[in-house]
Each structure stands twice: as C-alpha cells, then as structure tokens.
Amino acid sequence: MSITQDEITAEIEAVEADAASLVAAGGSPELHPRRDYAPYRSTRLRHPTHELVRADPEEIERVSPAFGHSDVNPLESDLTIQHSGEPIGERMTVTGRVLDGDGRPVRGQLIEVWQANSAGRYVHKGDQHPAPLDPNFSGVGRAITGDNGEYRFTTIKPGPYPWRNHLNAWRPAHIHFSLFGTAFTQRLITQMYFPADPLFALDPIYQSIADPAARARLIGTYDHSESVSEFSLGYRWDIVLTGPRATWMEGEEAHD
Ligand SMILES: [Fe+2]
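Here's what I pulled together on the structure shown here. As the structure is a prediction and not an experimental result, all values here were calculated from the model. (Residues numbered from 1 in each chain as written. Predicted model: local features only at pLDDT ≥ 70, side-chain atom pairs only at ≥ 80, totals over all residues.)

1. Quick notes on the overall build of the protein
And step 1. In terms of regular secondary structure, the protein is built from 4 helices and 11 strands.
And step 2. Taking 18 Å as the expected radius of gyration for a compact globule of 256 residues, we find that the protein reaches 19 Å, a close match to that expectation.
And step 3. Taken along the three principal axes of its C-alpha coordinates, the protein extends 50 × 45 × 35 Å.
And step 4. Within the protein, the proportion of its 256 residues that are buried is 29%.
And step 5. Counted over contacts in the protein with a minimum sequence separation of 6, partners at least 24 positions apart contribute 72%. (Helix = DSSP H or I, 4+ residues; strand = E, 2+ residues; numbered from the N terminus. Rg over C-alpha atoms; globule rule 2.2 N^0.38 Å. Buried ≥ 20, exposed ≤ 12 C-beta atoms within 10 Å, placed from the backbone. Contact = placed C-beta atoms within 7 Å.)

2. Re unusual backbone geometry
And step 1. The backbone of N168 shows a phi angle near 60°, a positive value even though the residue is not glycine.
And step 2. In this fold, N168 is placed in the loop between β5 (161–163) and β6 (169–171).
And step 3. By the C-beta count within 10 Å, which is 9 here, N168 ends up exposed.
And step 4. The backbone of A196 sits at a positive phi, close to 60°, despite the residue not being glycine.
And step 5. Note that A196 resides in the loop between β8 (188–193) and α4 (212–216).
And step 6. The class of A196 is exposed, set by 8 C-beta atoms lying within 10 Å.

3. Brief notes about the pairing of strand β7 (residues 174–179)
A regular strand places its side chains so that they alternate between the two faces of the sheet.
And step 1. Counted residue by residue, β7 has 5 buried out of 6 residues, so it is predominantly covered.
And step 2. Where strand β2 (residues 110–114) and β7 come together, 4 bridges link them in antiparallel fashion. Bridged to W114 within β7 is H176. (Pairing = 2+ DSSP bridges.)

Okay, structure coming up:
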C-alpha cells in the first residue's frame, strides 16, 4: 500500500472543488456522495455501474423481515449494561429526533446503532487491529422512536480506528445508525460524528459528501443539558430523512 494521505487529501479536495464549481454554475449542492468516489478506494469496486433494477416493493415487503414494537426492550438502548461489568470509556448519552423533510416527527421508527469500543476496536472478525477488546462492551443497541420522533442511547464514546484505505488512514470517531423504515426495503444507514474531530479533513468517507453544510449535519453537538452529573456527557443529533436538510445516508457500497 503506497497511497499517502497527501494523495488522498488532494483527491478529496479536487472532488469538492469540482462540486463547488457545479454549484457556482447553478447546480444543486451535492448532499450525497458520488457513487464513483475515488478517495474511498474500495467503493470503486463495489458501486453500481448500471441503472438499478426497479422491483415491485409490495412483493418484496411481503417476504421482508419485520418487527413489532414489543420486540424491542427499552433496555436495549443502553449499551453499557449488556455484560456483568461496566465498559471502559467516556460514558455518554446520544439523543435526538428523527424528522421528515417538513420537520414532522417520525414515530415508531426502529433505530439500530453499532460502534467501536473506546479503544477503537469492533467486536467483528474483520477488525483484528491491535487495540483491546472490552469484555463489557459489544457495541450494538436499538431503540424505537417516541411520539416526538425522539430516541436516546446510553453508551461510551467510540475511539477512532485505523482502516486500510491508504497508508496511516484513520476514521474519525463515529456511531453507525440504521433506520429501518416500515419495511426492509426502506432501511437507511448513516453515521454520527463528534464535534471538532481532527480527522475530519483527512477522512474520505466523511469528505465523500461534497457539500460542506451537508456533511456538517452528521456531527452531533455537545448538549450540556443532556449531561448527567457524575455520570455521563450528553450529545444531541437529529436525523432528517428527506428534503434539502436531509441527513446523508449511505449507499450499498459503503461498509467501514
Ligand atoms: Fe465504523
């Protein structure tokens, strides 16, 4: 692997400059990554190269997995109580609302999260880098949004981790979010980041959203009113499903 961060950064900046020039010429801001986004190397082999085949969603939905509200225990939103001891790390809560493009709450929405532990390690066979696993942290949880579209997770802050996109590539700390929709065909996946991460400028996944305002919407805000004395720090992050302020959602090509 000989690609350097400087080369990746130059590619990132070239795409952003191209997108900005298209906006200056009257185009729309690019709220979602280009499918063929070279700085995120492996997507070049995974992204669709043909138009999608449109299928009858009703037929698919008849055989899709589904969930009932009673299937999700409220305790599943606390990632710090899944084992016999406390996980190591900075305890935090993440709360926010899921909204549609008109600002209306999206109720009864299944949200699933997964994340690395405080050392930046996933419990996954694909992650073998030499950071410790935490026997008290699995890094997965789920919740159902309430009447105001609200959700809340208790967890520990994930660490940044290396990946093999290029030499010395590190992902900014993030939590993966899945929104199930009302059927499997509607599932959306995105990532939440943390304020002032020094890795933002270097990360081809975060930077794959060419519009600066759109990618900034992936960053949660520190919310002191959500911090609990002697217990946890609070972060707030709203997810907007559609419209010009929509939260970026991953295509099927993204995995890291
Ligand atoms: Fe990740």
